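# An overview of the molecular structure
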Amino acid sequence: MSTVRNGPLVGLIVQFVLLTGLAGTVGIGMPGWLAGLAYGGVLCGLLWRGLRASGAERLGPADRVTLARALLVGGVLALVVPGGAGPAPVAVLVPLTAVALALDAVDGVVARRTGTASALGARFDMEVDAFLILVLSAHLAPSVGGWVLAIGGMRYAFVAASWLLPWMRGTLPPRYWRKVVAAAQGVVLAVAASHLLPPVATAALVAGALALLVESFGHDVAWLWRNRPAGAAAPPARIPAHQPV
């Protein structure tokens, strides 16, 4: 079997092992199994396709770190999916989320130090970040309020808007604050999921994170509008990295 196919296949196997461990310890129920396996299958299938399309022979060092993080996100999804074995166990959910967030600071460093940074790796990293935030937002919606879904859905709404508005497909300049805001979303949602703070404090913290995210996206949309091409063909769709690299 080619090395291109090997990495995603190993990832799918590891996802199954992780789900088995969660099922045998805290319990995830059939919905958790189905969600985790479906996520793992789609994840590894898209990764395999991305590797083939980019002409890469194998996963790079940073890609393997991102894949490990992505598999942890699959575990988080299995724990929080509705209809599982019971309420998501905070003692497992929060550490799993924390490790996934911590590894987000590792893959970028590994890519730069090994000289293996790539467009595929950056996109892979961004998609994992976005999905983790979406999962955590959906998990917190019943306790914090449906408005928290705006945090997880904003990036996807931006992508959908770019399909309708060609001027939103431009390439944004690097902006460190964008990465700070993106990193804050995961941390804040993880703290909220821990239930360590009173409900009012949790809602205020999450609302503050949402306000920062609105400002960040608003800044980028305004920049794209000011720098929109005049009468030129729309460039290929580029998605702003509202997640840390």
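None of the values given here were measured: they were computed from a predicted structure.

### Overview of the overall build of the protein
Counting its regular elements, the protein contains eight helices and zero strands. Each helix and strand of the protein, ordered N terminal to C terminal, gives the series α-α-α-α-α-α-α-α. Computed over the C-alpha atoms, the radius of gyration of the protein is 18 Å, within 12% of the 18 Å expected from 2.2 N^0.38 for a compact globule of 245 residues. The proportion of buried residues among the 245 residues of the protein is 42%.

### Description of the pattern of salt bridges
Under the definition given, this model contains eight salt bridges. One salt bridge in this structure joins arginine 69 and aspartate 125, with 2.2 Å as the shortest N-O distance. Of the two residues, arginine 69 is situated in helix 3 (residues 61-80) and aspartate 125 in helix 5 (residues 119-144); the sequence distance between them amounts to 56 residues. There is no split in this pair, since arginine 69 and aspartate 125 are both buried. Between glutamate 127 and arginine 155 there is a salt bridge, with its nearest N and O atoms 2.8 Å apart. Highlighted residues: glutamate 127 in helix 5 and arginine 155 in helix 6 (residues 149-164), separated in sequence by 28 residues.

### Quick look at helix 4 (residues 90-114)
Along its 25 residues, helix 4 runs 36 Å from first to last C-alpha, staying within 8% of the 36 Å computed at 1.5 Å per residue. By the burial criterion, the buried members of helix 4 are Leu93, Leu96, Thr97, Ala100, Asp104, Asp107, Gly108 and Ala111. Considering only its buried residues, helix 4 is in contact with helix 3, helix 5 and helix 7 (176-194). Of the residues one or two after helix 4, glycine 115 is the one with positive phi, at around 65 degrees.

### What to know about the packing of aromatic side chains
Summed over all chains, the structure comprises four aromatic pairs. Summarising the aromatic geometry, the rings of tryptophan 167 and tryptophan 225 are spaced 5.1 Å apart at their centres and angled 75 degrees between planes, so their arrangement reads as edge-to-face. Taken together, the residues tryptophan 167 in the loop between helix 6 and helix 7 and tryptophan 225 in helix 8 (residues 199-226) connect sequence positions 58 residues apart. For the cation-ring pair, arginine 155 lies above tyrosine 156, with the distance from its terminal atom to the ring centre recorded as 5.2 Å. For arginine 228, the ring lying beneath its charged end belongs to tryptophan 225, and the centroid distance is 3.6 Å.

### Quick look at the confidence of the model for the protein
When the pLDDT values of the protein are averaged, the result is 89; 91% of them are 70 or greater. Per-element mean pLDDT across the protein ranges from 87 in helix 1 (residues 3-25) up to 96 in helix 8. This model gives residues 240-245 a pLDDT under 50, and the stretch forms 28 contacts once residues within four places in sequence are excluded.

### Quick word on the side chain of serine 137
As for its position among the elements, serine 137 is in helix 5. If we skip the residues at most four places from it in the chain, serine 137 touches Val148, Leu149, Ile151, Gly152 and Leu189.

### Notes on unusual backbone geometry
Non-glycine residue histidine 195 carries a positive phi angle of around 60 degrees. Looking at where histidine 195 falls in the secondary structure, it is placed in the loop between helix 7 and helix 8. A relative accessible area of 48% places histidine 195 in the partly exposed class.

### Here we look at the packing of helix 4 against helix 5
At a minimum axis separation of 11 Å, helix 4 and helix 5 run at an interaxial angle of 155 degrees. The angle between helix 4 and helix 5 places the two elements in the roughly antiparallel class. Here helix 4 and helix 5 pass one another in a crossing that is left-handed. In contact with Leu93, Thr97, Ala100, Leu101, Asp104 and Asp107 of helix 4, helix 5 contributes Asp125, Asp129, Leu132, Leu136 and His139. Tallied by class, residues from the contact of helix 4 with helix 5 come to five nonpolar, two polar and four charged.

The rules behind these values
Residues numbered from 1 in each chain as written. Predicted model: local features only at pLDDT ≥ 70, side-chain atom pairs only at ≥ 80, totals over all residues. Heavy atoms only, no water. Helix = DSSP H or I, 4+ residues; strand = E, 2+ residues; numbered from the N terminus. Rg over C-alpha atoms; globule rule 2.2 N^0.38 Å. Buried < 20%, exposed > 50% of the residue type's maximum accessible area, 1.4 Å probe, protein only. Salt bridge = Lys/Arg side-chain N within 4 Å of Asp/Glu carboxyl O. Expected span 1.5 Å × (residues − 1). Contact = heavy atoms within 4.5 Å. Phe/Tyr/Trp six-rings, centres within 6.5 Å; stacked < 30°, edge-to-face > 60°. Lys NZ or Arg CZ within 6 Å of the ring centre and 35° of its normal. pLDDT = per-residue confidence, 0-100. Axes fitted to C-alpha atoms, helices over the stretch in contact; angles between N-to-C directions. Parallel < 35°, antiparallel > 145°, perpendicular 65-115°, else oblique. Left-handed = near helix turned anticlockwise from the far one by under 90°. Nonpolar A, V, L, I, M, F, W, Y, C, P; charged D, E, K, R; others polar.

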